[in-house]
Amino acid sequence: ILIKAQAQNGFQANYDEAKVPAYTLPDILKTTTNQPVQNKKTWEKVRRPEIIRLFEENVYGQTPKSYDRLTYTVKNENAQAMGGKATLKEVAIEVVKNNKPLTINLVLFVPNQKKSPVPVFLLINNRGKDNMDPTRAQKSDFWPAEMVIDSGYAVAAFHVSDLAPDDTTKYVNGVLQLYPEQLTANDGMKAIGAWAWGASRVLDYFEKDKAIDAKKVMVVGHSRGGKASLWAAAEDQRFAMCFTNCSGNTGAALSHRRFGETIRRINTVFPHWFAKNYKKYNDNEAALPLDQHMLLAAIAPRPLYATNASKDLWADPTGTYLSVKLASKVYELYGIKANLPANPPGINQPIMTSSVGYHNREGEHNLTAYDWSNFIKFATDQFK
Ligand code: GCU
């Protein structure tokens, strides 16, 4: 793994824990003017908004909240999908701003056995569209819709390319056409911000669909999609729960550690993901007024689950676990104690508390049935 990753684009990745530089993280529980945050009131009124602003300005960019109109068309409905277990809806969600339209194509299955409204898992799909095949001719563990339906949840997915194609130049052909001012601003959103924006528009749609419990929408993302699921949940407090799978650098892992992928590397290979301002921190993590534990904390008190894979050191499993542990301090302000152990758990040993959860799955960088089965278990515990 070491040699392979070191060769990646000529970047030197560190995989040696002993070579992690000494670093000081900004304290989640101190405001920028150094006031201690001792209760949820100060957290909600002062510190949390500060943190969101820090991420908007320095990392993901602004997320425009306003649009002129949101309409939707059910393009296809089948009440006998999955052998009669589910109702399929293919929905075209159209958002209009300044006469410019954007369409998000949602695939949604709702379990027939459950009384509506039901909670839903929403995947931000950053891989092939065949992973969300509405006909179910193609099935994939990346979005194991049958498994989720059998567990009594609705399951939905949209593809990131509807919002911003994952390409260094084509990313502008999507949401950014509706908000052209974002293209020039140093804190303008780019692809990851656009994907998160899309998740919120799907939530707007769920608020209109009586089959769905819009107060129980769980956003799921893998890797670059997991960076977007975190940002969506942090910014939009209507999301009830967040799952971030192998999200690594500028996802759930701590950037200051410079373990595996670094900010310079991510900004160089994926210049279309984050705001221009983020480039200031290339090889300059020490100057960051934030780290990713603060993004996770912004999701509190809503439940958060993060994962890694044992062979995916690029995404820094230890740095992810530490980030979750640090974020759990904020849940304590709400009286939810996580008591996470100091060291990461062993491989395939999920930790599930009443606030945060974490596992390091054996294997490669991927989103698998193992990951989903733990998401379902965690969600079910939370909703009890
Ligand atoms: C690359 C990238 C990661 C990203 C991953 C993925 O490896 O460096 O930051 O998470 O792709 O999306 O699979």
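So, how was this worked out
Residues numbered from 1 in each chain as written. Predicted model: local features only at pLDDT ≥ 70, side-chain atom pairs only at ≥ 80, totals over all residues. Heavy atoms only, no water. Axes fitted to C-alpha atoms, helices over the stretch in contact; angles between N-to-C directions. Helix = DSSP H or I, 4+ residues; strand = E, 2+ residues; numbered from the N terminus. Parallel < 35°, antiparallel > 145°, perpendicular 65-115°, else oblique. Left-handed = near helix turned anticlockwise from the far one by under 90°. Contact = heavy atoms within 4.5 Å. Nonpolar A, V, L, I, M, F, W, Y, C, P; charged D, E, K, R; others polar. Near = heavy atom within 4 Å. Polar contact = N/O pair within 3.5 Å; in protein donor to acceptor, adjacent residues only side chain to side chain. Areas by Shrake-Rupley, 256 points an atom, 1.4 Å probe, with all protein chains shown as cover. 1 Å grid on protein atoms, 1.4 Å probe; cavity = no way out; pocket = protein on both sides within 12 Å on 5 of 7 lines; lining within 4 Å. Points joined across faces, edges and corners; volume = space filled by probe spheres on them. Buried < 20%, exposed > 50% of the residue type's maximum accessible area, 1.4 Å probe, protein only. Core = buried A, V, L, I, M, F, W, Y, C linked by side-chain atoms within 4.5 Å.

**Points about the packing of helix 7 (residues 191-206) against helix 8 (residues 224-235)**
Link 1 in the chain: Contact pair helix 7 / helix 8: the axes reach a minimum separation of 8 Å and the direction vectors enclose 60 degrees. If you check the angle between helix 7 and helix 8, you find them oblique. The two elements helix 7 and helix 8 meet at a crossing, and its hand is right-handed. Seen from helix 7, the contacting residues are Ile192, Gly193, Trp195, Ala196 and Ala199; seen from helix 8, they are Arg224, Lys227, Ala228, Trp231 and Ala232.
Link 2 in the chain: Class assignment of the residues belonging to the contact of helix 7 with helix 8 gives a composition of seven nonpolar, one polar and two charged.

**Structural notes on the site of the ligand**
Link 1 in the chain: Close to the ligand lie Ser223, Arg224, Lys227, Glu261, Arg265, Ile266, Phe270, Trp273, Trp314 and His365.
Link 2 in the chain: Here an oxygen atom of the ligand and a side-chain polar atom of lysine 227 are 2.9 Å apart.
Link 3 in the chain: Contacts to the ligand include arginine 265, whose side-chain N or O atom sits 3.4 Å from an oxygen atom.
Link 4 in the chain: Bound to the protein, the ligand loses 86% of the 320 Å² it would expose on its own.
Link 5 in the chain: Elements that contribute at least two residues to the shell around the ligand include exactly helix 8 and helix 9 (263-269).
Link 6 in the chain: Of the residues in the shell around the ligand, the class split is four nonpolar, two polar and four charged.

**Considerations on empty space enclosed by the protein**
Link 1 in the chain: As enumerated under the stated definition, the model contains one cavity of 30 Å³ or more in all.
Link 2 in the chain: Here the largest cavity is characterised by a volume of approximately 40 Å³.
Link 3 in the chain: Along the walls of the largest cavity sit Gly248, Asn249, Ala253, Leu254, Ser255, Arg258, Phe259, Glu261, Trp314 and Asp316, which together make up its complete lining.
Link 4 in the chain: The class makeup of the residues in the lining of the largest cavity is four nonpolar, three polar and three charged.

**Side note on the side chain of serine 328**
Link 1 in the chain: Note on placement: serine 328 falls in helix 11 (residues 317-332).
Link 2 in the chain: In this structure serine 328 comes out as buried when scored by relative accessible area, which is 5%.

**Some details on unusual backbone geometry**
Link 1 in the chain: Looking along the chain, the bond that leaves serine 116 and enters proline 117 is cis, with omega of 0 degrees.
Link 2 in the chain: Within the secondary structure, proline 117 is located in the loop between strand 3 (100-111) and strand 4 (118-125).
Link 3 in the chain: Of note, the amide linkage connecting alanine 300 to proline 301 takes the cis form, showing an omega dihedral of 5 degrees.
Link 4 in the chain: Its place among the elements puts proline 301 in the loop between helix 10 (292-297) and strand 8 (304-309).
Link 5 in the chain: Notably, arginine 136 is not glycine yet its phi reads approximately 65 degrees, a positive angle.
Link 6 in the chain: Structurally, arginine 136 is set in the loop between strand 4 and helix 4 (145-150).
Link 7 in the chain: A relative accessible area of 8% places arginine 136 in the buried class.
Link 8 in the chain: The phi torsion at asparagine 339 lies on the positive side, around 45 degrees, for a residue other than glycine.
Link 9 in the chain: By secondary structure assignment, the location of asparagine 339 is in the loop between helix 11 and strand 9 (351-352).
Link 10 in the chain: Relative accessible area serves as the criterion here: at 62%, asparagine 339 is assigned to the exposed category.

**So, the nonpolar core**
Link 1 in the chain: Membership of the largest hydrophobic core comes to 91 residues, with the highest contact counts inside it found for Leu106, Leu108, Leu122, Trp195 and Phe206.
Link 2 in the chain: Per-element tally for this core: the top contributor is helix 7, with 11 residues.
Link 3 in the chain: Not counting the four nearest positions on each side in its chain, leucine 122 is found in contact with Leu106, Ala156, Ala157, Phe158, Ala199, Val202, Phe206, Val217, Met218, Val219, Val220 and Phe239.
Link 4 in the chain: Core analysis: the next-biggest nonpolar cluster, separate from the first, contains 28 residues, Leu88, Ala145, Met241 and Phe375 among them.

In short, shape yes, function no, at least from these values alone.
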